[in-house]
Amino acid sequence: MTDPGTAPVEGVLFDVDDTLVDTRAAFAEAIAAASRVWLPHLPPDRYDEVLALWRADPNGHYRAYTRGEVDFDAQRMARANELQATFGGELLDDAAYVDWKDLFWGTFEASWTAFADSRPVVDALVGAGVRVGSLSNARVELQTRKLAAAGLPDVPLLVGVDTLGFGKPDPRVFAEACRRLGTDPARTAYVGDELDVDARAALAAGLVGVWLDRPGTRRGGPHPEDPSAARASGVHVVHGLADLPAALGVAAEVPAPR
């Protein structure tokens, strides 16, 4: 998938959520726990609908947070009340939101795990002499804890949304991550599960953009998710991290997940 005349990558930056860490599964556990208490009338077979709305975030609350327009709790409370309104629950006031948050977030943190292909691919890239780091639209402290809990403490979180006060798709966050990784942006790949704010934004910032389109994990809603359009725009598309070294032209043998 790489052009024969281009230099091989010297660095790979990873998104964290739904790229290295199975955040969707963790959110599913958190949504179920919150729904049992705050949407008690809703049958469990509808929890997937609640999760889908949470992940789609159709009104862009989380992206407003990454642009520095609202604080973290403001966006999360807005999204929680969007769930309550959509699925027939009572709206949360400030006190109720604290209880909702404690249950939701406690369950979420307890459910952090890495994808089975994350550790093998990180090890393969490092073994091939490629520098590895991560860049996220969440806070550095949070994502550092998440990576450690998921068994990836050696993947440094180089830039979070609190590093510069804003996040992806701003090209400055990609430039800063490359600076900290010590690699040329043109020889650095960024791998993420969102086509627009991850792969296309990285490409626009001068990096190699890679969209990780895992089967069955698309968000839907306002998120662009067309593989053909992605490839036409110059983005590499992989369906699992095990495909990444070959897509980038890195001679690395990826061991089977343990």
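Not measured: the values here are computed from a predicted model. (Residues numbered from 1 in each chain as written. Predicted model: local features only at pLDDT ≥ 70, side-chain atom pairs only at ≥ 80, totals over all residues. Heavy atoms only, no water.)

Asks: Which parts of the structure should I look at to understand the overall build of the chain?
Replies: What the chain contains, in helices and strands, is 12 helices and 6 strands. In terms of overall size, the chain behaves like a compact globule, its C-alpha atoms giving a radius of gyration of 18 Å where 258 residues would be expected to give roughly 18 Å. Counting across all 258 residues of the chain, residues that qualify as buried make up 52%. Across the chain, the fraction of contacts at a sequence separation of at least 24, relative to all contacts at a separation of at least 6, is 68%. Total accessible area on the chain stands at roughly 11,200 Å², and carbon and sulfur atoms take up 54% of it. Positive and negative side-chain charges of the chain, numbering 25 and 38 respectively, have mean locations separated by a distance of 3 Å. (Helix = DSSP H or I, 4+ residues; strand = E, 2+ residues; numbered from the N terminus. Rg over C-alpha atoms; globule rule 2.2 N^0.38 Å. Buried < 20%, exposed > 50% of the residue type's maximum accessible area, 1.4 Å probe, protein only. Contact = heavy atoms within 4.5 Å. Areas by Shrake-Rupley, 256 points an atom, 1.4 Å probe, with all protein chains shown as cover. Lys, Arg positive; Asp, Glu negative; His and termini not counted. Charge placed at Lys NZ, Arg CZ, Asp CG, Glu CD.)

Asks: What is the right way to read empty space enclosed by the protein from this model?
Replies: Summary: where empty space remains is shown by rolling a probe the size of a single water molecule over the atoms. Following the criterion strictly, the structure yields 2 cavities of 30 Å³ or more and no others. The volume enclosed by the largest cavity comes to roughly 50 Å³. Surrounding the largest cavity, D193, W211, L212, D213, R214, T217, R218, R219 and E225 form its lining. Split by residue class, the lining of the largest cavity holds 2 nonpolar, 1 polar and 6 charged. Estimates place the volume of the second largest cavity at around 40 Å³. Around the second largest cavity, the lining residues are I31, A34, S35, W38, L39, V50, L83, Q84 and W100. Looking at the lining of the second largest cavity, the elements with two or more residues in it are α1 (23-38) and α4 (72-86). Here the lining of the second largest cavity gets 4 residues from one element, more than from any other, and that element is α1. Per-class residue counts for the lining of the second largest cavity are 7 nonpolar, 2 polar and no charged. (1 Å grid on protein atoms, 1.4 Å probe; cavity = no way out; pocket = protein on both sides within 12 Å on 5 of 7 lines; lining within 4 Å. Points joined across faces, edges and corners; volume = space filled by probe spheres on them. Nonpolar A, V, L, I, M, F, W, Y, C, P; charged D, E, K, R; others polar.)

Asks: How do you make sense of α1 when you look at a structure like this?
Replies: The periodicity of an α-helix, 3.6 residues per turn, causes residues three or four places apart in sequence to face the same way. Taking 1.5 Å per residue, 16 residues should reach 22 Å; α1 reaches 21 Å between its end C-alpha atoms and fits that length. Among all positions of α1, only T23, A26, F27, A30, I31, A32, A33, A34 and S35 are buried. Where the residues of α1 are buried, they touch α2 (47-56), α4 and α5 (94-110). (Expected span 1.5 Å × (residues − 1).)

Asks: Looking at this structure, how should I read the pairing of strand β1 (residues 11-14)?
Replies: The two faces of the sheet receive side chains in turn, since in a regular strand these alternate between them. The alternating pattern of β1 places G11 and L13 and V12 and F14 on opposite faces, both of which are buried. Sheet analysis places β1 next to strand β2 (residues 131-135), joined by 4 bridges and oriented parallel. Across the sheet, G11 pairs through a bridge with R131, a residue of β2. As defined by bridge partners, β1 adjoins strand β4 (residues 188-192) across 4 bridges and the pair is classed as parallel. What sits directly across from L13, in β4, is Y190. (Pairing = 2+ DSSP bridges.)

Asks: Explain the nonpolar core here, please?
Replies: Grouped burial of nonpolar side chains is what soluble globular proteins tend to show. I31, V50, W54, W100, F104 and F108 are the most contacted members of the largest nonpolar core, which totals 30 residues. When residues of this core are traced back to their parent elements, those giving at least two are α1, α2, α4 and α5. Residues contacting W54, with those up to four places away along its chain left out, are F27, I31, R76, R79, A80, L83, W100 and F104. Grouped together as the second largest cluster of nonpolar side chains are 27 residues, V121, L125, A189 and L212 included. (Core = buried A, V, L, I, M, F, W, Y, C linked by side-chain atoms within 4.5 Å.)

Asks: In this structure, what is going on with α2? I would like to understand it.
Replies: Buried residues dominate α2, accounting for 7 of its 10 residues. Those residues of α2 lying buried are Y47, V50, L51, L53, W54, R55 and A56. Those residues of α2 that are buried are in contact with α1, α4 and α5. Just beyond α2, the residue with positive phi is D57, at close to 45°.

Asks: Would you take a moment to explain the layout of surface pockets for this structure?
Replies: Estimates place the volume of the largest pocket at around 590 Å³. Forming the boundary of the largest pocket are 35 residues, of which D17, Y62, R79, E194 and R219 lie nearest the centre. Among the elements of the structure, α1, α2, α3 (61-66), α4, α5, α7 (140-149) and α10 (195-204) are those that each provide at least two residues to the lining of the largest pocket. Tallying contributions element by element places α4 first for the lining of the largest pocket, with 4 residues.

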